[in-house]
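# Architecture at a glance
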Amino acid sequence: MPSFQNSFQSKLPKIPTSIFAIMSGLATKENALNLSQGFPNFESDSKLIEMVNVAMKNGKNQYAPMPGIFSLRKIIAEKMESLYGVSYNPDTEITITAGATQAIFTTIAATVKKDDEVLIFKPAYDCYEPTIALFGGKTIAVQLNPEDFKIDWKEVKKLINNKTRMIIINSPHNPSGRVLSKNDMLQLEALLKNTNILLLSDEVYEHIIFDGEKHQSAALFPALAERTFIMASFGKTFHNTGWKMGYCIAPAELTKEFRKVHQFNVFSVNHPTQVALAEYLKTPSNYLELGKFYQEKRDLFLSLIKGSRFEFTPSKGTYFQLLNFKKITIESDVDFAIRLTKEQKIAGIPISVFNENNYDTKVLRFCFAKTNETLKKAAEILCNI
Ligand code: PMP
Ligand code: GLN
């Protein structure tokens with residue numbers, strides 16, 4: 001008789017442990033500077049932390065309402081109105097989630113059926129594909145060219161058929177830092193008009209955008225907005241990724257389906273934190289100044305590594321910078337990332353893990369959401385390689 005372990009059939013047989021867990025684990029073990037997993041090494045605003053403490057002391061310690069507290073959903077609706085001039089109903093179109101990861105999982109769970117095709121662009125954030133697989137969907141991956149990561153919408157059109165259930169976009173884009181233009185969004189809109197294809201728009205870096213670029217939210221394009229689930233993350237915006245707070249915005253019919261799953265997925269999310277975020281969002285400068293804040297960090301980091309043997313195109317958004325190491329070694333990006341962590345005491349993320357068939361373009365991703373002191377230390381190491 002086969003042992004229980006041998007007869008157990010994995011639902012995700014080919015999925016390894018996430019690269020973020022691997023590289024952060026290795027960085028800790030090796031006592032290396034951790035510029036791999038994307039999180040700040042500085043504190044969230046003490047005022048926001050105090051607001052959470054106050055909410056806890058005020059007894060906001062039991063389950064929040066299933067879709068999130070109304071005051072938080074209302075202020076998110078006001079933010080969407082003031083930033084993009086679009087109106088979302090906080091009652092029926094906004095749901096507070098345990099980070100964007102849960103919002104993505106819940107969206108896919110609520111919409112993707114067996115044999116549905118979901119189009120994604122690679123390099124892609126690592127949670128899309130396994131989630132599609134869990135629900136029996138088939139990922140159709142479009143590998144982007146590693147020079148500019150531009151999407152060829154004519155190619156995309158050829159891949160669309162009556163099995164296409166959803167397209168997933170992500171701008172500003174992790175890991176490349178590319179930003180979708182208005183023209184990109186108009187082309188996507190023309191492509192999806194008169195189809196029943198859904199859009200999942202991962203906009204977790206909406207406020208981390210540089211050089212005067214404007215974030216082109218899917219909410220701005222009516223024929224997209226009517227079919228789009230927008231993903232947002234407070235962790236990225238307010239420097240507290242460990243709180244795992246985010247939200248999903250979608251038209252009422254879509255939100256209804258989203259909440260059918262959400263209620264059994266988490267039911268509701270951290271209550272005192274919601275109370276604090278509702279208060280903190282009343283001050284728009286808390287998120288409007290983020291682009292400038294991170295652009296300064298990008299510029300500092302890039303000015304310090306200018307003399308190194310790494311090659312780069314400045315990131316246009318997110319808090320990630322890609323560095324090409326082809327002038328340094330012919331090692332695979334995974335081997336090089338591991339060796340850098342062990343020998344040079346600096347950790348980055350090898351990009352091949354986000355690519356189709358682990359296509360290795362000799363590029364590592366470094367997170368610059370770090371104190372200037374850490375960025376200086378990191379640059380010193382990188383310049384000596
Ligand atoms: N999407 C992208 C593109 C990300 O980089 C991340 C990581 N923050 C997420 C989603 C998940 O966000 P959260 O930490 O809020 O779950
Ligand atoms: N979004 C973060 C990154 O890209 C990490 C999130 C995670 O650890 N899953 O590094």
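These remarks concern the structure in this document. (Residues numbered from 1 in each chain as written. Chains lettered and ligands numbered in written order. Predicted model: local features only at pLDDT ≥ 70, side-chain atom pairs only at ≥ 80, totals over all residues. Heavy atoms only, no water.)

What the largest pocket holds in volume is close to 1,300 Å³. In terms of lining, the largest pocket is formed by 48 residues, of which the most central are Ser18, Tyr125, Asp126, Cys127 and Pro130. Grouping the constituent residues of the lining of the largest pocket by class yields 24 nonpolar, 14 polar and ten charged. There is about 680 Å³ of room inside the second largest pocket. Lining of the second largest pocket is provided by 26 residues; of these, Pro146, Glu147, Asp148, Phe149 and Thr313 occupy positions nearest its centre. It is strand 9 (residues 320-324) that contributes the most residues to the lining of the second largest pocket, three residues altogether. (1 Å grid on protein atoms, 1.4 Å probe; cavity = no way out; pocket = protein on both sides within 12 Å on 5 of 7 lines; lining within 4 Å. Points joined across faces, edges and corners; volume = space filled by probe spheres on them. Nonpolar A, V, L, I, M, F, W, Y, C, P; charged D, E, K, R; others polar. Helix = DSSP H or I, 4+ residues; strand = E, 2+ residues; numbered from the N terminus.)

With that out of the way, let us pick up the pairing of strand 6 (residues 198-202). Summarising burial for strand 6: five of the five residues are buried, a large majority. Residues of strand 6 alternate between two faces, with Leu198, Leu200 and Asp202 on one and Leu199 and Ser201 on the opposite face, all of them buried. Across five bridges, strand 5 (residues 164-170) lies against strand 6 in parallel orientation. Paired with Asn170 across the two strands is Asp202, which belongs to strand 6. Note on the crossover from strand 5 through helix 8 (residues 182-192) to strand 6: the handedness is right-handed. In this sheet, strand 7 (residues 228-233) lies alongside strand 6 in parallel orientation, the contact comprising four bridges. From the neighbouring strand, Leu199 faces strand 7, where its bridge partner is Thr228. (Buried < 20%, exposed > 50% of the residue type's maximum accessible area, 1.4 Å probe, protein only. Pairing = 2+ DSSP bridges. Right-handed = clockwise from strand over helix to strand, strands pointing away.)

With that settled, the discussion passes to the sheet that holds strand 6. Pairing is mixed across the open sheet formed by seven strands, whose spatial order is 2-8-7-6-5-3-4. Both outer strands of the open sheet, strand 2 (94-97) and strand 4 (138-143), are each paired with one neighbouring strand and no more. Shown here is a sheet whose adjacent strand axes are inclined to one another by a mean of 20°, direction ignored. In this sheet, strand 4 lies alongside strand 3 (residues 117-122) in parallel orientation, the contact comprising six bridges. Paired with Val118 across the strands is Thr139, a residue of strand 4. Its contacts with the sheet place helix 4 (residues 70-84) against strand 2, strand 7 and strand 8 (246-249), and it is angled at close to 120° to strand 2. (Axes fitted to C-alpha atoms, helices over the stretch in contact; angles between N-to-C directions. Contact = heavy atoms within 4.5 Å.)

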